[in-house]
Amino acid sequence: MIEAKPSPNMLTFASIADDLVAFRRYLDDEGVDWLMFGKGELAYRETVLGGCVSVEPCKSTPLDWMHLDCLESNCRNLVVAPSKLQPVIKAQQVMVGKLHAVDETSVEYRIEAQVLQRLLDAREKLIKPEAA
Ligand code: SF4
């Protein structure tokens, strides 16, 4: 029996493909006119959680490196890429687990556990089951 183990390159291509699917789904769901990109009215840039199509200055806080504001504000410029959100959630779960093991009453634990809960709530709200 031949066992195929995906190479790192294949995983990279799969991740890029997932991101493109998320972007295409966003364009379809929002009914975006593709010509707006050519006119400079929309542009795409990657974020930690997927992407953003806004060309306007954003008011979300620059200290919010996880872009939780993007997730919780129902911003119509947000492209949620499950392939990006899931690893962020996994990393946050690991961090929360470690902090819990050290001291479950610490401020650090409580802050990071709250961030994790916000990520989980956003995932529940934003990602359709077939895309997760
Ligand atoms: S809040 Fe909206 S406009 Fe601002 S970075 Fe997030 S997705 Fe883009």
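Residues numbered from 1 in each chain as written. Predicted model: local features only at pLDDT ≥ 70, side-chain atom pairs only at ≥ 80, totals over all residues. Heavy atoms only, no water.

Caption draft 1: Looking closely at the sheet that holds strand β2 (residues 50-52). The strand order across the open sheet formed by three strands is β1-β2-β3, and the pairing between neighbours is antiparallel. The sheet is open, and its two edges are formed by β1 (45-47) and β3 (78-80), each paired on a single side. Averaged over all pairs of adjacent strands, the angle between their axes in this sheet comes to 30 degrees, without regard to strand direction. Of the pairings in the sheet, the one linking β2 to β3 comprises three bridges and is antiparallel in character. Within β3, the residue paired with Gly-51 across the bridge is Val-79. (Pairing = 2+ DSSP bridges. Helix = DSSP H or I, 4+ residues; strand = E, 2+ residues; numbered from the N terminus. Axes fitted to C-alpha atoms, helices over the stretch in contact; angles between N-to-C directions.)

Caption draft 2: Representation of the side chain of Ser-54 in the model. Structurally, Ser-54 is set in the loop between β2 and α3 (68-72). A distance of 3.0 Å separates a polar side-chain atom of Ser-54 from the backbone nitrogen of Glu-56. In this structure Ser-54 touches Ala-43 and Asn-77, once residues within four positions along its chain are discounted. (Polar contact = N/O pair within 3.5 Å; in protein donor to acceptor, adjacent residues only side chain to side chain. Contact = heavy atoms within 4.5 Å.)

Caption draft 3: Quick look at the packing of helix α4 (residues 82-102) against helix α5 (residues 107-126). Axis separation between α4 and α5 bottoms out at 9 Å; the angle between their running directions is 150 degrees. In terms of orientation, α4 lies roughly antiparallel with respect to α5. The handedness of the crossing between α4 and α5 comes out as left-handed. Seen from α4, the contacting residues are Leu-85, Gln-86, Val-88, Ile-89, Gln-92, Gln-93, Met-95, Val-96, Leu-99 and His-100; seen from α5, they are Glu-108, Tyr-109, Glu-112, Ala-113, Val-115, Leu-116, Leu-119, Leu-120 and Arg-123. Broken down by class, the residue content of the contact of α4 with α5 amounts to 12 nonpolar, four polar and three charged. (Parallel < 35°, antiparallel > 145°, perpendicular 65-115°, else oblique. Left-handed = near helix turned anticlockwise from the far one by under 90°. Nonpolar A, V, L, I, M, F, W, Y, C, P; charged D, E, K, R; others polar.)

Caption draft 4: Main features of the confidence of the model for the protein chain. Per-residue pLDDT for the protein chain averages 85, and the proportion of residues at 70 or more is 89%. Per-residue pLDDT, averaged within each element of the protein chain, yields its smallest value for α3 (84) and its largest for helix α2 (residues 35-38) (94). (pLDDT = per-residue confidence, 0-100.)

Caption draft 5: Region of the structure containing the site of the ligand. If you check the shell around the ligand, you find Arg-45, Cys-52, Ser-54, Cys-58, Cys-70, Cys-75, Asn-77 and Leu-78 and nothing else. A per-class count over the shell around the ligand returns five nonpolar, two polar and one charged. (Near = heavy atom within 4 Å.)

Caption draft 6: Structural view of the pattern of salt bridges. According to the stated counting rule, one finds five salt bridges in the structure shown. Where Arg-76 meets Glu-30, a salt bridge forms, and the shortest distance between an N and an O atom there is 3.4 Å. With Arg-76 in the loop between α3 and β3 and Glu-30 in helix α1 (residues 8-30), this pair connects stretches of sequence that are 46 residues apart. As a salt-bridge pair, Glu-46 and Lys-84 come within 3.0 Å of each other at their nearest N and O atoms. Linking Glu-46 in strand β1 with Lys-84 in helix α4, this pair joins segments that are 38 residues apart in sequence. For Glu-46, a relative accessible area of 57% corresponds to the exposed category. A residue is classified by how much of its surface remains accessible, and Lys-84, at 16% relative accessible area, is buried. Several salt bridges converge on common partners, so that one network encompasses Asp-19, Glu-46 and Lys-84. (Salt bridge = Lys/Arg side-chain N within 4 Å of Asp/Glu carboxyl O. Buried < 20%, exposed > 50% of the residue type's maximum accessible area, 1.4 Å probe, protein only.)

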